[in-house]
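A closer look at the structure
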2 protein chains.
Amino acid sequence: MSILQPRRKTRTVRVGDLALGSEHDIRVQSMTKCDTADVEATFDEIVGLEAAGCELVRVAVPSMKQARALGEIKRRITIPLVADIHFSAPLALEAIAQGVDKVRINPGNIGRRDEVEKVVRAAKDAGVAMRIGVNSGSIRERKGLSVEESEEDLVDLCVREALHHVEILESLRFYDTVISVKAHTVSLTVEANRKLAAACDYPLHLGVTHAGSLLPAAVKTSMAYALLLSEGIGDTLRVSVTGDGREEVKIGHQVLQHLGLRRPTFDVYACPSCGRAEVDLVGITKAVEEATKDLTYPCRVAVMGCIVNGPGEAAEADVSISAGRGFGFIYRGSRMIKKVPEADLVAALRAEIESWIAEQSD
Amino acid sequence: MSILQPRRKTRTVRVGDLALGSEHDIRVQSMTKCDTADVEATFDEIVGLEAAGCELVRVAVPSMKQARALGEIKRRITIPLVADIHFSAPLALEAIAQGVDKVRINPGNIGRRDEVEKVVRAAKDAGVAMRIGVNSGSIRERKGLSVEESEEDLVDLCVREALHHVEILESLRFYDTVISVKAHTVSLTVEANRKLAAACDYPLHLGVTHAGSLLPAAVKTSMAYALLLSEGIGDTLRVSVTGDGREEVKIGHQVLQHLGLRRPTFDVYACPSCGRAEVDLVGITKAVEEATKDLTYPCRVAVMGCIVNGPGEAAEADVSISAGRGFGFIYRGSRMIKKVPEADLVAALRAEIESWIAEQSD
C-alpha cells in the first residue's frame, strides 16, 4: 500500500556525480549561512550538513570575493556544490571557472544577451547544471502586486516567469536545468509546483521560503511537501529554517521517510503521556533519545508511559519500554523480554536495541 | 484559489455547546497529562490549553478516583470535557453522571450486552456524545499480527473494527458518534481515514499516535493532516506530542491556518539566512518573536537578513524589517518606511506593527 501517486516523469540533470530527476532518488539539500569567502567556516558548515544527510549544498555568492573562494571549497568537500548568484554574469562565469557543479541564476535577469550566451556556453562546456529560481515575493514586488492580489494571478505569474527563463536556456540549446518556484504559503507553493510540473519535464526543486524558525517552518514545509511529493512532484528539496541548517536536512529526510521515499533510519517514538502515566515520560523520552543518538540502523524504538496500554501500542515497534512507577518492561514487538528497575531502564533499553540490531545485521 | 477539495459531508454531533461535523469549523483538541484525580492540576492544565486555543479537552479516567473528580473539573472549565475510558462500563456511567460532554469508549470492548446498553442509554439520556477510538497498535497486538504484516490488511482491520463498534451503537439507535482511527505512520493514518470517510457519515477525529517529541511529531502530523484535510477529511484533530500540550494545540491551529481552514493570526516569518546576511538573523528573529508574543491580530511580519533581496522577498508581509550591518529598514509591504539603527530595530518594528494594527482595526 502506498499513499504515493506515480512519480512525475522528468529528464535527468547531472549535478556533479549526483543525478536529479524521476529516474533517481529525491535529494535533500541545504545552504550554508556563513560568509562563503570564509573558506574554513564554509567547509566546517558543509561537513556538518553532510553528516546530517545533506546531498548537495548551495552557497551564496554575492561578490567576486566569494566567487573566488569556490574552487578551494569545492576541492575540500565531497558533495556537489551549487553557487547562488543573482543577476551577475561575471560572478556566474567565475563560479563555473572555479568548478562548481550547478549555478542558481535566472538568465532573464542577467540583462545583455551576449552575457547570457557567455554564461550558458561556459556552463555547457563545463557540464555545469543551472537552477532557475523564482520567488513569489520578488515577482509580487516587480509586478507591483499588492499583498491582496489574487493568489491565482501570482501562481500564473511565477510559472510564466520560470518558463520564460527556461525558454532563454532552450533557445541556446541548454537543457540541464532544474526549476524552483518558492513561496511562503502552502497553497501558493503547491499550486505553482503543480502548474509547473504539468508544463515541463525538468526536475523540480521544492522550497517554502521564509518558513521561519524551526517549529513553524517544519509544520509549513511538511504540509506543502506531503501534498506535492504524494502527487509525484519534486526531485530535490530544501527545508528553509531560520536556524541550524542541519535541522533543515533532518526534516527533509523525515518527510521523505514518512512517504516511503527514503529508507527508514533509527527512530524513537513515544506516546504523548496522559493522566494514566505514572512516570516522567518527557524526561525518559529525552534520555532515550540522548542514549541512542549515535545509532543509525533502521530500528523502531517506542517509549510508552503506561504499563496497561503500553505493550499493545508498542507492538508496532521493534524494541520498546513500557514505564511504570519504579520499574518498567522491555519488549520486542509484543513479546515481553524483562522487568527492569526504573533507574536501569534506559541502559537496559539501549542494550536490548544493540542486541536486536546485532541479530538483524547477522 | 484553494488547494482544498470540498469537505466530506458528515452528520453533526454536539459535544456540550460545540458542534462537530462538516457544517462546522474543524476543532482543535488536546488531552491533559496530569492525574485527573488532581482537580487543581487538571484545571490549571486545561486553562493553559484553552489559552493556547484548545476547543475541547480530554482527560484520562483509569479508575473511579478520576471519574469522581470529573464533575468538579467540568464545573470549573468552559470548554467541553471528554472522558477517556477503556473497557469499563461503571467508569463510563460515573463519567456521564458527573456531567462530561463526551465519552471515549469502544462499546465492543465493554463486554456484556446489558452493560453496553446501560452506558448507551445513559449517554443518550444525558445528551452525551461518544467517540470510538481504534489504534492500529492495539489491533495489531490483538490480532497477533507481526510488525511485518501488510499495511493494507491492517488498514482494513482498523476500519472494520471501528465500524463494528459503530454498528453496536446503531443497533441501540445511538448516532452521536465521532470516530478515530489512529496509527503512528503517515500512510496508515491517511489510508485508514480515507477508507473510514468513504464508509460512513460520522465526523472523524484525526490523530497520529506516538508521534514522539515536538519536532518529529510536528513533521509527521503536519504531513498526515495536510493530506487528509486537503481531501476534505477530518472534523476535529489532536496533535500528539510527548511534551507540552499547548504546543499540540498551536501546531493544530497552524495546520488549519495553512490550509485556509482557520483565520490567520499574528505570524512572524523569516528568511533562513545565508552567506549574504550580515547580521545574526536567528537572534533577531527570536527577539522579534519575543517582543510580539502578546499580539494576536492577523498581521504578517517578516524578518529578512539581507538589504539587497530582503525588501522584495518581504513584499508579501504587512510589516517587515530588512536587517543590514549596523542598521536596518522598516517596510510596509514593498514601501520603505524608515532606516533605523540596529539596536533600535526590534522596538521600531514593534511600534510599526502596532500602528499598522491600529489602522486596520479602525
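Everything quoted here is computed from the prediction, not taken from an experiment.

**A few points about the relation of the copies chain B and chain A**
Look at the two chain copies: a rotation about an axis and a shift along it is all it takes to match them. Between the two copies, chain B and chain A, the superposition gives an RMSD of 0.0 Å; the rotation angle is 180° and the shift along the axis is 0.0 Å. In short, the pair behaves as if placed about a two-fold rotation axis. Judged by C-alpha distance, M223(B) is the residue of chain B that lies nearest the rotation axis, at 2.4 Å. Interface overlap between copies is the fraction of interface residues in one copy that are interface residues in the other; for chain B against chain A it reaches 100%, indicating a shared surface.

**Let's talk about the packing of aromatic side chains**
All names here are of chain B. Throughout the structure, instances matching the rule amount to four aromatic pairs over all chains. With a centroid separation of 6.3 Å and an interplanar angle of 75°, the aromatic rings of Y297 and W356 are classed as edge-to-face. Of this pair, Y297 sits in the loop between α10 (281-291) and β12 (300-304) while W356 sits in helix α12 (residues 345-361); the two residues are 59 residues apart in sequence, bridging distant segments of the chain. The exposure class assigned to Y297 is partly exposed, which follows from its relative accessible area of 30%. On the basis of relative accessibility, which here comes to 10%, the residue W356 falls in the buried class.

**Overview of the interface of chain B and chain A**
Across the boundary between the two partners, chain B contributes 81 residues, which contact 81 residues of chain A. With both sides pooled, the region where chain B packs onto chain A buries about 6,600 Å², and carbon together with sulfur makes up 63% of that total. Summed over the shared surface of chain B and chain A, the result is zero salt bridges. The interface formed by chain B and chain A holds eight residue pairs in polar contact (both at pLDDT 80 or more) in total.

**Regarding the sheet that holds strand β10 (residues 236-239) of chain B**
Residues and elements named next belong to chain B. In spatial order, the strands read β8-β7-β6-β5-β4-β3-β10-β9; together these eight strands make up an open sheet with parallel pairing. Every other strand in the sheet has two partners, leaving β8 (177-182) and β9 (205-208) as the edge strands with one partner each. Between one strand axis and the next, the sheet turns by 25° as a mean value, whatever way the strands run. Pairing geometry for strand β3 (residues 27-31) and β10, over three bridges, is parallel. Residue pairing in the sheet places Q29 in a bridge with R238 of β10. Against the sheet, helix α6 (residues 151-171) touches β7 (129-135) and β8, its axis set at about 155° to β7.

About the thresholds
Residues numbered from 1 in each chain as written. Chains lettered and ligands numbered in written order. Predicted model: local features only at pLDDT ≥ 70, side-chain atom pairs only at ≥ 80, totals over all residues. Heavy atoms only, no water. Least-squares fit on C-alpha atoms with pLDDT ≥ 70 in both. Contact = heavy atoms within 4.5 Å. Phe/Tyr/Trp six-rings, centres within 6.5 Å; stacked < 30°, edge-to-face > 60°. Helix = DSSP H or I, 4+ residues; strand = E, 2+ residues; numbered from the N terminus. Buried < 20%, exposed > 50% of the residue type's maximum accessible area, 1.4 Å probe, protein only. Buried area = accessible area lost by both parts, 1.4 Å probe. Salt bridge = Lys/Arg side-chain N within 4 Å of Asp/Glu carboxyl O. Polar contact = N/O pair within 3.5 Å; in protein donor to acceptor, adjacent residues only side chain to side chain. Pairing = 2+ DSSP bridges. Axes fitted to C-alpha atoms, helices over the stretch in contact; angles between N-to-C directions.

In short, shape yes, function no, at least from these values alone.
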